[in-house]
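Coordinate analysis (summary)
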Amino acid sequence: MIRYPSSFIFFVILFVGISLYQIKHFITKKEIELAQIQNNIKSAKSDINILKAELSYLKRPDRIEKIALNRLGLREILPTDIWDLKDLVDITVTLNNGEKK
Amino acid sequence: MKLFNFFDLDVSKENQSRFRKIKLLISSLLLIMSFTIIGYRTISLANINKEKVSNIAYKTKDNKSFQKNLRGNIYDRNNKILATTISTLSLNINPQEILNKYQTITKLTKIFPYLKEEDLFKKFNSNKKHINLLREISPIEYVSLLNAGIEGLKIETATKRIYPNNTLASHILGATDIDGKGIAGVEKKFDSQLQGGKDVTLSIHGGIQHITRALLLDQIKKFEAEGGAGIIMNAKNGEIFSVVSLPDYNANNYNLTLNENLFNKATKGIYELGSTLKLITAAIAFESNLINENDVFDVSKPLKVSSRIINDFHPLDYAINIPEVIVHSSNIGSAKIAEKFGSSTQLKYLRSLGLLNMLSLEIPELGKPQVIRDKKVLSTMTISYGHGISITPMHLASATATIVNSGVKVNPTLIRGKVEKKNEVIISKETSIKMKSIMRLVVSNKNGTAKKAEASGYLVGGKTGTAEKINPSGGYYKKKNIVAFTGAFPMNDPQFIITIMIDNPKGQKFSFGYRTAGWVVAPIVKQLVTRVAPILRVKPQLESSPKFSNNLLNFKIRGKKDGATL
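Residues numbered from 1 in each chain as written. Chains lettered and ligands numbered in written order. Predicted model: local features only at pLDDT ≥ 70, side-chain atom pairs only at ≥ 80, totals over all residues. Heavy atoms only, no water.

Description of the pattern of salt bridges
Using the criterion set out here, one finds 20 salt bridges over all chains in the structure. Where A:Arg60 meets A:Asp62, a salt bridge forms, and the shortest distance between an N and an O atom there is 3.4 Å. Overall, A:Arg60 belongs to the buried group, its relative accessible area being 13%. In this structure, the salt-bridge partner of B:Arg161 is B:Glu187, at a minimum N-O distance of 2.8 Å. Separated by 26 residues along the polypeptide, B:Arg161 in strand E4 (residues 153-162) and B:Glu187 in helix H7 (residues 185-189) bring together distant segments of the chain. For B:Arg161, a relative accessible area of 11% puts it in the buried group. We classify B:Glu187 as buried; its relative accessible area is 0%. Here the salt bridges share partners, and the residues they tie into one network are B:Arg71, B:Arg161, B:Glu187 and B:Asp191. (Salt bridge = Lys/Arg side-chain N within 4 Å of Asp/Glu carboxyl O. Buried < 20%, exposed > 50% of the residue type's maximum accessible area, 1.4 Å probe, protein only. Helix = DSSP H or I, 4+ residues; strand = E, 2+ residues; numbered from the N terminus.)

Overview of the packing of helix H3 (residues 101-111) of chain B against helix H4 (residues 117-124) of chain B
All names here are of chain B. Their axes nearest at 10 Å, the elements H3 and H4 cross at an angle of 140 degrees. As far as their axial angle goes, H4 and H3 are oblique. When you trace H3 past H4, the crossing you get is right-handed. Here Lys101, Tyr102, Thr104, Ile105, Leu108 and Thr109 of H3 lie close against H4, whose contacting residues are Glu117, Leu120, Phe121 and Phe124. Split by residue class, the contact of H3 with H4 holds six nonpolar, two polar and two charged. (Axes fitted to C-alpha atoms, helices over the stretch in contact; angles between N-to-C directions. Parallel < 35°, antiparallel > 145°, perpendicular 65-115°, else oblique. Left-handed = near helix turned anticlockwise from the far one by under 90°. Contact = heavy atoms within 4.5 Å. Nonpolar A, V, L, I, M, F, W, Y, C, P; charged D, E, K, R; others polar.)

Focus: the confidence of the model for chain A
Confidence in the prediction of chain A, expressed as mean pLDDT, is 84, and 85% of residues score 70 or more. Taken element by element, chain A is modelled with least confidence in helix H3 (residues 85-100) of chain A, mean pLDDT 66, and with most confidence in helix H2 (residues 61-71) of chain A, mean pLDDT 92. (pLDDT = per-residue confidence, 0-100.)

Description of the interface of chain A and chain B
Listed per partner, the contact involves 39 residues of chain A and 43 residues of chain B. Looking at the side of chain A facing chain B, the largest losses of area belong to A:Glu31, A:Lys42 and A:Pro61, adding up to 14% of the total buried there. Among the salt bridges present, the one from B:Arg531 reaches A:Glu65, with a minimum N-O distance of 2.7 Å. There are ten residue pairs in polar contact (both at pLDDT 80 or more) connecting chain A and chain B. Elements with a contribution of two residues or more to the side of chain A that touches chain B: helix H1 (4-58), H2 and H3 of chain A. Among the elements that make up the side of chain A that touches chain B, the one with the highest residue count is H1(A) (25 residues). For the side of chain A that touches chain B, a count of residues per class yields 20 nonpolar, seven polar and twelve charged. (Buried area = accessible area lost by both parts, 1.4 Å probe. Polar contact = N/O pair within 3.5 Å; in protein donor to acceptor, adjacent residues only side chain to side chain.)

Digging into the sheet that holds strand E17 (residues 461-470) of chain B
Residue and element names in this part refer to chain B. Pairing is antiparallel in the open sheet, where five strands are placed in the order E9-E8-E19-E18-E17. With one partner strand each, in any of the chains shown, strand E9 (240-246) and E17 form the two edges of the open sheet. Taken over all neighbouring pairs, the strand axes of this sheet differ in orientation by 10 degrees on average, direction set aside. Where strand E8 (residues 227-234) and strand E19 (residues 496-503) come together, eight bridges link them in antiparallel fashion. Across the sheet, Met233 pairs through a bridge with Ile497, a residue of E19. Where helix H9 (residues 206-222) meets the sheet, it contacts E8, E9 and E19, and its direction lies at approximately 30 degrees from that of E9. (Pairing = 2+ DSSP bridges.)

What to know about the environment of A:Arg63
Residue and element names in this part refer to chain A. Mapping Arg63 onto the fold places it in helix H2. A relative accessible area of 31% places Arg63 in the partly exposed class. Arg63 has contacts with Tyr57 and Leu58, leaving out every residue within four places of it along the chain.

Describing unusual backbone geometry
Residue and element names in this part refer to chain B. Here the amide bond leading from Leu246 into Pro247 is cis, since omega sits at 0 degrees, within 30 degrees of zero. Mapped onto the elements, Pro247 comes out in the loop between E9 and helix H10 (259-262). Of the consecutive residues Phe489 and Pro490, the connecting peptide bond is found in the cis state with omega at -20 degrees. Here Pro490 is to be found in the loop between strand E18 (476-489) and E19.

And the structure:
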């Protein structure tokens, strides 16, 4: 004779078993997705590194210096180019006082 | 005794009830156990044993695509890449899987003309299962390989460490081995951090590093020198903006570089840096309170100590005070000062300035100072002007920084934003002001030995040093010098330290045969400061401005013929 509690337990076990399989399958699938995403991230990081390295290579100080000097006609900054205006006023005052004396 | 029989169907009603209870108990236990196992497995699958499951998932999906973390990048202080890791493709074969070896070799040599047929034949006839033909192939070569449709080739992904700036800071960056493990420089010191995918940001400024290297290299060529070192460092927190050692090498070709070029002269090489050490002697003298700036020392005659005679390069025929000893760079004066404060005081300050120990810089290539510690008067005297004490240029930069930073110890660092925990005071603020004033005079005074270092507006101060080079087989080379300069700018409030050393310069026509620091190193200091000061946001100032006069003292320096005018 099949009793109701026994059949209930049987179905519960069956349900749990199927659920467990589903969970396992789901987790495995997600893990694979995660692995793919992580690999994609690493690949993207590597690509970014290549771009950064290329940019760094193009921005090499020796290259920029050559371009600045030979192509753009720039030169190094001299103190007279960036003198503080207040100091220039002081110089003028000093010079004027010297002339008056 | 009659035993209870589970399989006996003919049992009494009383026994039947008991039997059912036992069956129920066993079933319940089994169910509880099942549920416990199921529950545990469910939880472990979902959470606890995730790592194991992840690895299985990775392995089952695509074994080749599973990679460890990419090695972290190394940046300069402006977040410009100095070292990075990129993916590359390598060409491999399993000889047993190649059906038509001759045809494959012919196709391969068409795509890779630099591969020799004989070598390929040897490799193709090998019994090994995995042979690497090329460690790295270009994307164009990869496409050609695909188009050629060669069977049995294996193209695998690998990583490669690259240094886009080639020679820039190569001694500091170091290198990695074939497995991506750091074997020198920052790569070695921060290996675990970099292997974990974390980046390292250095205090190095790419632009300033290049300027320092270019000017130093130019001067080395002009004076046909063997090499040199150059350092620019923040005078307050010790952050190194540039550190150059020449000859250097392309960081991408570490394995092909000669040992001589790999040697870091700035942090590992120890040298007698001559009169630059007089700065320390003067600072000790002021700090010991045994001598003040008005005490004079007779330097008119050579000083004979034991069997040795101490001479001056620029002899004076009168007694001079400490500022004049430094400005004229008098060995006799320096020796007499050191005699007064003695060996113990000298060693105490050398130790506290860090000149007796290795630095705690963030690279493994560090030199240990060598100092004569016999406490004899002669040793004390010679150490006072830089003979008998061998230190690295970085040691000198560090000691200079401490002297000008109001006496607070400055520890050099290659890491941006590193916080110094201790605030160790080595010399007093008063001594520091005196020293800064004297250092400025070495450059600005007409009798100073570093007049050629004067960079208009930037108030450079420092001290030159010219010393005979040590002969490794004993004694000194008579015709080989080490020339150096250490200083700071602007001297009224020093922001940056500049230390330059050149190894064995030769006298030139344009230098009238001179190969002293004043002729060889001082001009680089001027050019270097003029070029880097605007980048470092140091504004040019007038020496007559109150900012200058309030912060420094005005010592009178007499010339060669002004002896009687004190």
